[in-house]
Amino acid sequence: MANRLPTGITVLDRQLGGGIPAGSIVTLAATPASQSELLLYELTSTRGTLYLTTVRSDQAVQDALDRVRTKVGRPTVRDIGGDAALDHANRLVQALPEGANLIVDVVDVLERTEPTRYRNFLNELQTHVMNTGGIAVLHALNGRAVPDNRDMTEHMSDAVFELQTQVKGSEIENRLAIPKFRGGRALEETIKLRLTEEVTIDTSRDIA
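From a predicted model like this one, the values you see are computed outputs, not experimental measurements.

*Asks:* I would appreciate a short explanation of the overall build of the protein in the present structure.
*Replies:* The secondary structure content of the protein amounts to seven helices and eleven strands. The C-alpha radius of gyration of the protein comes to 16 Å, within 12% of the 17 Å expected for a compact globule of 208 residues. Considering the protein as a whole, with its 208 residues, one finds that 48% of them fall into the buried category. Once local pairs closer than 6 in sequence are excluded, the contacts in the protein between residues at least 24 apart make up 68%. Of the roughly 10500 Å² of accessible surface on the protein, 48% is carried by carbon and sulfur atoms. Between the centroid of the 23 positive side chains of the protein and the centroid of its 28 negative side chains there is a distance of 4 Å.

*Asks:* Which parts of the structure should I look at to understand the pattern of salt bridges?
*Replies:* Two side chains that carry opposite charge are able to pair once their charged atoms sit near each other. One pass over the full model with this rule turns up nine salt bridges. For Asp 158, the salt bridge goes to Arg 182, with nearest N and O atoms at 3.3 Å. Of the two residues, Asp 158 sits in the loop between helix H7 (150-156) and strand S8 (159-168) while Arg 182 sits in the loop between strand S9 (171-181) and strand S10 (191-195), which places them 24 residues apart along the sequence. The residue Lys 192 makes a salt bridge to Glu 173 at a minimum N-O spacing of 3.9 Å. Of the two residues, Lys 192 is situated in strand S10 and Glu 173 in strand S9; the sequence distance between them amounts to 19 residues. Comparing Lys 192 with Glu 173 shows no difference in burial state: the two are buried. One salt-bridge network, held together by shared partners, links Glu 37, Arg 56 and Asp 105.

*Asks:* Teacher, can you tell me more about unusual backbone geometry here?
*Replies:* Comment: phi is negative for the bulk of residues other than glycine, and the bulk of peptide bonds are trans. Look at the link from Asp 105 to Val 106: it is a cis peptide, with omega at 0 degrees. When you line up the elements, Val 106 lands in the loop between strand S6 (101-105) and helix H5 (108-111). In this model, Ala 84 sits at a positive phi of 60 degrees, which is unusual for a non-glycine residue. Examined against the element boundaries, Ala 84 turns out to sit in the loop between strand S5 (76-79) and helix H4 (85-93).

*Asks:* Whenever I open this one, the packing of aromatic side chains confuses me. Can you help?
*Replies:* Within a pair of aromatic rings, the relevant descriptors are the distance that separates the centres and the angle that separates the planes. The full count for this structure, using the stated rule, is one aromatic pair. Seen in terms of ring centroids, Tyr 118 and Phe 121 are 6.3 Å apart; in terms of plane orientation they differ by 25 degrees. Their pairing is stacked. Of this pair, Tyr 118 and Phe 121 are both found in helix H6 (residues 115-132), three residues apart, which corresponds to roughly one turn of the helix. Neither residue differs from the other here; Tyr 118 and Phe 121 are each classed as buried.

*Asks:* In this structure, what is going on with H4? I would like to understand it.
*Replies:* At 3.6 residues per turn, the α-helix brings residues three or four places apart onto the same side. Of all the residues in H4, the buried ones are Ala 85, Leu 86, Ala 89 and Val 93. Along the axis of H4, the buried residues cluster in a sector spanning 95 degrees; they form a single face. Tucked inside the fold, the buried residues of H4 contact strand S4 (49-53), S6, H5 and H6.

*Asks:* Quick question: what am I supposed to make of the pairing of S5 here?
*Replies:* The side chains of a regular strand alternate, residue by residue, between the two faces of the sheet. Here S4 runs beside S5; their pairing, made up of four bridges, is parallel. Its bridge partner lying in S5, Leu 52 is registered against Arg 78.

*Asks:* Would you mind going over the pairing of strand S7 (residues 135-141) with me for this structure?
*Replies:* The buried count for S7 comes to six of seven residues, which makes it a mostly enclosed element. Bridge count between strand S3 (residues 24-30) and S7: seven bridges; the pairing is parallel. The partner of Val 26 across the bridge, within S7, is Val 137. Relative to S7, S6 runs parallel, the two sharing five bridges. Directly across from Leu 102, in S7, lies its bridge partner Ala 136.

Cut-offs and rules
- Residues numbered from 1 in each chain as written.
- Predicted model: local features only at pLDDT ≥ 70, side-chain atom pairs only at ≥ 80, totals over all residues.
- Heavy atoms only, no water.
- Helix = DSSP H or I, 4+ residues; strand = E, 2+ residues; numbered from the N terminus.
- Rg over C-alpha atoms; globule rule 2.2 N^0.38 Å.
- Buried < 20%, exposed > 50% of the residue type's maximum accessible area, 1.4 Å probe, protein only.
- Contact = heavy atoms within 4.5 Å.
- Areas by Shrake-Rupley, 256 points an atom, 1.4 Å probe, with all protein chains shown as cover.
- Lys, Arg positive; Asp, Glu negative; His and termini not counted.
- Charge placed at Lys NZ, Arg CZ, Asp CG, Glu CD.
- Salt bridge = Lys/Arg side-chain N within 4 Å of Asp/Glu carboxyl O.
- Phe/Tyr/Trp six-rings, centres within 6.5 Å; stacked < 30°, edge-to-face > 60°.
- Arc of directions from axis to C-beta.
- Pairing = 2+ DSSP bridges.

Below is the structure:
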């Protein structure tokens, strides 16, 4: 079995057999109006992390990390937004050290590049992450305008995490689905999460 790297969420790691296989690319898909960033922040607590931001400034990301009350690490944050975002990302990926996390938040900007160039980027990313034994997490927004290359992102990814956020009556419900998980067992049921100041598993039972 491939070496498993923890996500920082203990109960989730237990269900995944210890975490995510080293060398994996993971797509975390969520709506823009969700607390999905908490999952990214908690991942930074597990090991050294390179955090590439494409929309928010690097200072905005650092300020958010400083404000959250959940456990976080000390990631290296780089703003690659603007012109030649894919080229900047590719250059930084090549310098990833052994066993590191890579977070791309959000990957939508890279997905809007020409398909052949984006495919080459994903293939090079997959090779580098496998060689270094780390994890790459691509934060993808399921908003009003999904980039054309989203199918390619999810196909190339070793695992796909889908955070589903719904307002039900007076409650906001967050469920995590993992429909794809190479090198392990995809979960047959969604996981109900509590996303407040940190990520926890909601153990309350649904009442029909």
